[in-house]
Amino acid sequence: MDPSAVWRDRNHRWRIEAYRAPDLRFAIFATNGTTESAPLWLFGMGALARWLMTHAISLDDLETD
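The paragraphs below set out a description of the structure included in this document. (Residues numbered from 1 in each chain as written. Predicted model: local features only at pLDDT ≥ 70, side-chain atom pairs only at ≥ 80, totals over all residues. Heavy atoms only, no water.)

**Some points on the overall build of the chain**
The criterion, for reference: The helix count covers DSSP runs of H or I at least four residues long, the strand count covers runs of E at least two residues long, and both are numbered beginning at the N terminus. Contact between two residues is taken to exist if any of their heavy atoms lie within 4.5 Å; hydrogens are not considered. The protein chains shown are the only cover counted for residues, whose accessible areas, like all others here, come from Shrake-Rupley with a 1.4 Å probe. The charged-residue count follows a simple rule in which Lys and Arg add positive charge and Asp and Glu add negative charge, with His and chain termini not counted at all. Charge coordinates come from a single atom per side chain, which is NZ of Lys, CZ of Arg, CG of Asp or CD of Glu.
In terms of regular secondary structure, the chain is built from 1 helix and 6 strands. Taken from N to C terminus, the helices and strands of the chain fall in the order β-β-β-β-β-α-β. On the principal axes, the C-alpha backbone points of the chain span a range of 30 × 25 × 20 Å. Counting only contacts in the chain whose residues sit at least 6 apart along the sequence, the fraction spanning at least 24 positions is 25%. Surface accessibility of the chain: about 4,400 Å² in total, with carbon and sulfur atoms responsible for 53%. Between the averaged position of the 7 positive side-chain charges in the chain and that of its 9 negative side-chain charges there is a distance of 4 Å.

The following block contains the structure:
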């Protein structure tokens, strides 16, 4: 399953992938140079909005990858 969209924050600490499955899902990866964490799966826009707010990331801080 390929992501339909991919974003990174300006500091390149996080990568967010959006997937269109029967519902909308987001995979969040913590990135550190050449390594990445296992994905944190979020289900729906509300979950992504809460995650962005808790990490103090605004939509203006995201850039397409």
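**Considering the pattern of salt bridges**
For the record, the criterion: Counted as salt bridges are all cases of a side-chain nitrogen of Lys or Arg within 4 Å of a carboxyl oxygen of Asp or Glu. Relative accessibility decides the category of a residue: with a 1.4 Å probe and only protein chains considered, values under 20% of the type maximum give buried, values over 50% give exposed, and everything between is partly exposed.
Counted under the stated rule, the structure contains 5 salt bridges. Note that Asp 65 and Arg 8 form a salt bridge whose closest N and O atoms lie 3.4 Å from each other. Of this pair, Asp 65 sits in the segment after strand E6 (62-64) while Arg 8 sits in strand E1 (residues 5-9), and the two are 57 residues apart along the sequence. Residue class for Asp 65 comes out exposed when judged on its relative accessible area of 56%.

**Concerning the pairing of strand E3 (residues 24-32)**
Definition in use: Here a strand pair is declared whenever DSSP counts at least two bridges between the two strands.
Alignment of strand E2 (residues 14-20) against E3, held across 7 bridges, turns out to be antiparallel. For Trp 14, the partnering residue across the bridge sits in E3 and is Ala 30. In this antiparallel pair of consecutive strands, E2 and E3, the connection spans 3 residues. The pairing of E3 with strand E4 (residues 35-36) spans 2 bridges and is classified as antiparallel. Within the sheet, the bridge partner assigned to Asn 32 lies in E4 and is Thr 35. Hairpin connection from E3 to E4: 2 residues lie between these consecutive antiparallel strands, with Gly 33 at a positive phi of about 70°.

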